Amino acid sequence: MNKLFNKNILIVGAGIAGSTIARILAEHDLQVQIIDKRNHIAGNTFDFINANNERIHKYGPHLLHCNKNEKSLKFLSNFTEWVFYEHRVRALLPNGNTTSLPINKKTLEDVYGRKFKNQEEVKNFLDLIRNKRISPENTDQFFEANLGNKLADLFFRPYTKKMWGIEPKELNIVVGARLPIRTNDDDRYFNDSFQALPKEGYTKMIESMLNHKNINIELNIQFQKGMELGFDHSFLCIPIDKFFNYKFGVLPYRSIIFEERQELLEKDLETPVLNFTDASPYTRKTQWNLFPNSKRSKTNIKTVTYERPCSMEDNPNEYFYPIHTRNSKIMYEKYKKFSKNEKRITFCGRTGLFKYIDMIPAVTIHQKIAYQFLNKL
């Protein structure tokens, strides 16, 4: 193991991806330098307690869910206690009422004004309304083939277009296939065996992860090409296309603008998150004090955040969702292949891998990256 000593590692990005790599390498006696362009750690999972005593997720609600035996969960549990929480979402209907998402038996009853006795009746009904003639090859066809046009038009087509900025038919089918369709009464957003929030928030969890003698952190530092030359190896959670000066083109992303409002609510939302599935500019709003690891609000005025998807031009350098199309996939594969020439650089995170990654998969992927690096030393 002596060959590990005196290895100097640069990690760009103090989010969950970079922090996972940093902790593992630090525990193996490597000296890790982390830089981040923002003024805080924790990346897009950054949260804080505001003046009204509410815990705010600055970049939208982050919900942790996985199998209870997941190795990545055991890793994270070294740095936080958990508060049980099963996420539920309501969607606003044209008549002003709400219904549950993902689509389930209750959703169908609300939309079609009828009752189903059991799951078999629901399955038979879905078979009647969906287009069984289609073998779906894109997200729009996935909606039509599994739900039919009425539900696709009500819940998914307008939402998907404003979310991604392109027509659903242009999106890779994996985008639509992320959405479960249930025939029972289960109105939870996820059905994983472990669902929880960090007791003291994500920022505290990441802070604990980075609390190691072999890790040094500097914030408010923008990565500049050439910085990596001073290190034995660099893990870059940055846009891979930008690093290579857009040699093969610009990889497409959607960004989000978060509008935080103080609202005097006559009553709380039914669930912490309400989705707007119509053609309005917003995709959802979140009432933060309803999450169980939030504090009790000091006043009757609640903080509610509205999310408005936008182009990268409207919100420069704030990358949120990689847009997966046939062309963008081909372009990324060119960058991935070309990056193999950089023997002392590993690209990671959602912009380095051009991949939207939930939190637990992000830990899993970057644990693997860290251990693969260690095994080569």
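Structure: see above.
The shown structure was predicted, so the numbers you read here are calculated from the model rather than taken from an experiment.

About the thresholds
Residues numbered from 1 in each chain as written. Predicted model: local features only at pLDDT ≥ 70, side-chain atom pairs only at ≥ 80, totals over all residues. Heavy atoms only, no water. Buried < 20%, exposed > 50% of the residue type's maximum accessible area, 1.4 Å probe, protein only. Helix = DSSP H or I, 4+ residues; strand = E, 2+ residues; numbered from the N terminus. Arc of directions from axis to C-beta. Contact = heavy atoms within 4.5 Å. Polar contact = N/O pair within 3.5 Å; in protein donor to acceptor, adjacent residues only side chain to side chain. Axes fitted to C-alpha atoms, helices over the stretch in contact; angles between N-to-C directions. Parallel < 35°, antiparallel > 145°, perpendicular 65-115°, else oblique. Left-handed = near helix turned anticlockwise from the far one by under 90°. Nonpolar A, V, L, I, M, F, W, Y, C, P; charged D, E, K, R; others polar. Pairing = 2+ DSSP bridges.

K.L.:
Outline helix H4 (residues 119-129), supporting the account with residue identities and numerical values.
P.N.:
Taken as a whole, H4 has its buried residues at Val122, Phe125 and Leu126. Taken down its axis, H4 places every buried residue within 100 degrees of arc, on the same side. Where H4 is buried, its residues meet helix H3 (105-112) and helix H5 (139-147). The N-cap of H4, judged by a side-chain oxygen 3.2 Å from the amide nitrogen of Glu120 a few residues on, is Asn118.

K.L.:
Describe in detail unusual backbone geometry, supporting the description with residues and values.
P.N.:
Cis peptide bonds are those with omega within 30 degrees of zero, and the linkage from Leu101 to Pro102 qualifies with 0 degrees. You will see that Asn245, though not glycine, has its phi angle at about 55 degrees, which is positive. Assignment of secondary structure puts Asn245 in the loop between helix H9 (240-243) and strand S12 (253-264). Even without glycine at this site, Asn317 takes up a positive phi of about 70 degrees. In this structure, Asn317 sits in the loop between strand S15 (301-310) and strand S16 (321-322).

K.L.:
Help me get a handle on the packing of helix H1 (residues 16-27) against helix H8 (residues 202-209), residues and values and all.
P.N.:
Where H1 meets H8, the axes come as close as 9 Å, and the angle between the chain directions of the two elements is 25 degrees. The angle between H1 and H8 falls in the class roughly parallel. Helix-helix and strand crossings are classified by hand; for H1 and H8 the assignment is left-handed. Contact residues: H1 offers Ile16, Ser19, Thr20 and Arg23, while H8 offers Met205, Ile206, Ser208 and Met209. A per-class count over the contact of H1 with H8 returns four nonpolar, three polar and one charged.

K.L.:
So what about the sheet that holds S15? Which residues, and what values?
P.N.:
Read from one edge of the open sheet, seven strands run S8-S7-S13-S14-S15-S12-S16, paired in mixed fashion. Both outer strands of the open sheet, strand S8 (98-101) and S16, are each paired with one neighbouring strand and no more. As judged from the ten bridges shared by S12 and S15, these two strands associate in the antiparallel manner. Note that in S15 the partner of Glu263 across the bridge is Lys302. Across the sheet, helix H6 (residues 149-164) is in contact with strand S7 (89-92), S8, S12, strand S13 (273-275), S15 and S16; its angle to S12 comes to roughly 105 degrees.

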